[in-house]
Amino acid sequence: MRNLIILSFLLLSCFGNSQETLHELLKIHNKERIPYISVQELAMPKTNAILLDAREFKEYNVSHIEDAIHVGYDNFDLDTVIKSLPDTTSTIVVYCSVGIRSEDIAEQLKKKGYTNVYNLFGGIFEWKNNNFPVYNSEEKETDHVHAYSKDWSKWLLKGIKIYE
């Protein structure tokens, strides 16, 4: 009986520690053709980049990084972005909740000749998790962060989770 208890404990320990990290999650979902930029690097004063928010408008309205331009995902219009950002050598950082949708948008920009496009590692969730400010639709700092869904919200460790 004692051996059965020990075996059960060992099995539960192995399975209990199998939760993936953010790095593993992104490796599963992304092709990694777009280089990542960390939230720490983006927050540095010397980093001069155009920020594109690749989330839906309802997410952007709840919370976004200061000065980010909403471009969306489901209704992303590449031609509109090209017209508003004609310099293909500009440094552009695309972000979403964790960095999956943003990679798709960044790849489209890269295919159109943009040469300095980056994906924000961990997205706005990682930004907030590192205590960097986010802003609401009135451009006021907020603790609210659109958490995308209950499943994905596990990656948002700080702030107040909003789902609609």
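As a reminder, the structure under discussion sits directly above these lines.
Since this is a predicted model, take the numbers as computed values, not measurements. (Residues numbered from 1 in each chain as written. Predicted model: local features only at pLDDT ≥ 70, side-chain atom pairs only at ≥ 80, totals over all residues. Heavy atoms only, no water.)

**Some points on the environment of Val98**
Applied cut-off: Put simply, DSSP H or I for four residues or longer makes a helix, DSSP E for two residues or longer makes a strand, and each gets a number counted from the N terminus. Buried, partly exposed and exposed residues are distinguished by accessible area as a fraction of the type maximum, computed with a 1.4 Å probe on protein chains only: under 20%, between the cut-offs, and over 50%, respectively. By definition in these notes, contact holds between two residues if any of their heavy atoms fall within 4.5 Å.
Within the element layout of this structure, Val98 appears in the loop between β4 (91-95) and α6 (101-111). Residue Val98 is classed as buried on the basis of its relative accessible area of 5%. Residues Val98 and Leu25 lie 73 residues apart in sequence; the distance between their C-alpha atoms is 9.3 Å. Not counting the four nearest positions on each side in its chain, Val98 is found in contact with Leu22, Leu25, Leu26, Leu120, Phe121, Gly122, Gly123, Phe125, Trp152 and Trp155.

**What to know about the sheet that holds strand β1 (residues 36-37)**
Rule in force here: Paired strands, in this sense, are two strands between which DSSP finds at least two bridges. Axis lines are fitted through C-alpha atoms, for helices just across the contact stretch, and the angle between N-to-C directions can take any value from 0 to 180 degrees.
Spatially, β1-β5-β4-β2-β3 is the arrangement adopted by the five strands of the open sheet, whose pairing is parallel. The outermost strands of the open sheet, each flanked by one partner alone, are β1 and β3 (69-70). Sheet analysis places β4 next to strand β5 (residues 116-120), joined by four bridges and oriented parallel. Of the residues in β5, the one forming a bridge with Val93 is Tyr118. On top of the sheet, α6 reaches β2 (50-53), β4 and β5; it is set at about 150 degrees to β4, its chief contact.

**Looking at the packing of aromatic side chains**
Pairs of aromatic rings are described using the distance from one ring centre to the other and the angle between the two planes. Quick reminder of the rule: Classification of ring pairs rests on two measures: the distance between centres of Phe, Tyr or Trp rings, Trp counted by its six-membered ring, which must be within 6.5 Å, and the angle between planes, read as stacked under 30 degrees, edge-to-face over 60 and tilted in between. Think of it as a cone above the ring: NZ of Lys or CZ of Arg counts as a charge over the ring if it is within 6 Å of the ring centre and within 35 degrees of the ring normal.
The full count for this structure, using the stated rule, is three aromatic pairs. Ring plane angle 20 degrees and centroid distance 6.1 Å describe the contact between Phe57 and Tyr60, whose orientation is recorded as stacked. Remark: Tyr60 and Phe57 occur in helix α4 (residues 57-62); sequence separation between them is three residues, near one turn of the helix. The class of Phe57 is partly exposed, set by a relative accessible area of 47%. Note on Tyr60: relative accessible area 11%, which makes it buried. Taking 4.6 Å as the distance between ring centres and 40 degrees as the angle between the ring planes, the aromatic pair formed by Trp127 and Phe132 counts as tilted. On the accessibility criterion, Trp127 (7% relative accessible area) is buried. For Lys150, the ring lying beneath its charged end belongs to Tyr163, and the centroid distance is 4.0 Å.

**Quick look at a negative patch on the surface**
Note the cut-off: Each patch is built from salt-bridge-free residues with over 30% relative accessible area, joining like charges within 9 Å and nonpolar side chains (Val, Leu, Ile, Met, Phe, Trp, Tyr) within 5 Å. Per-residue accessibility takes into account occlusion by the displayed protein chains alone, with areas from the Shrake-Rupley method and a 1.4 Å probe. Any Lys or Arg side-chain nitrogen located within 4 Å of an Asp or Glu carboxyl oxygen qualifies as a salt bridge. For the charge count, each Lys or Arg is scored as positive and each Asp or Glu as negative, with His and the chain ends excluded. Positions of charges follow a simple convention, taking NZ of Lys, CZ of Arg, CG of Asp or CD of Glu.
The grouping of Glu66, Asp67, Glu139 and Glu141 at the surface amounts to a negative patch. With respect to the helices, strands and loops of the structure, Glu141 is situated in strand β7 (residues 141-142).

**Quick notes on the pattern of salt bridges**
Under the definition given, this model contains six salt bridges. Close ionic contact of Arg55 with Asp53 constitutes a salt bridge, the shortest N to O distance being 2.8 Å. A relative accessible area of 0% means that Asp53 is categorised as buried. Close ionic contact of Lys58 with Glu164 constitutes a salt bridge, the shortest N to O distance being 3.5 Å. Of this pair, Lys58 sits in helix α4 while Glu164 sits in the segment after β9 (160-162), placing them 106 residues apart in sequence. On the accessibility criterion, Lys58 (43% relative accessible area) is partly exposed.

**With respect to α6**
Buried within α6 are the following residues: Arg101, Ser102, Glu103, Ile105, Ala106, Glu107 and Leu109. Buried residues belonging to α6 abut β2, α4, α5 (78-84), β4 and β5. Of the residues flanking the end of α6, it is Gly113, one or two places downstream, whose phi is positive at about 100 degrees.

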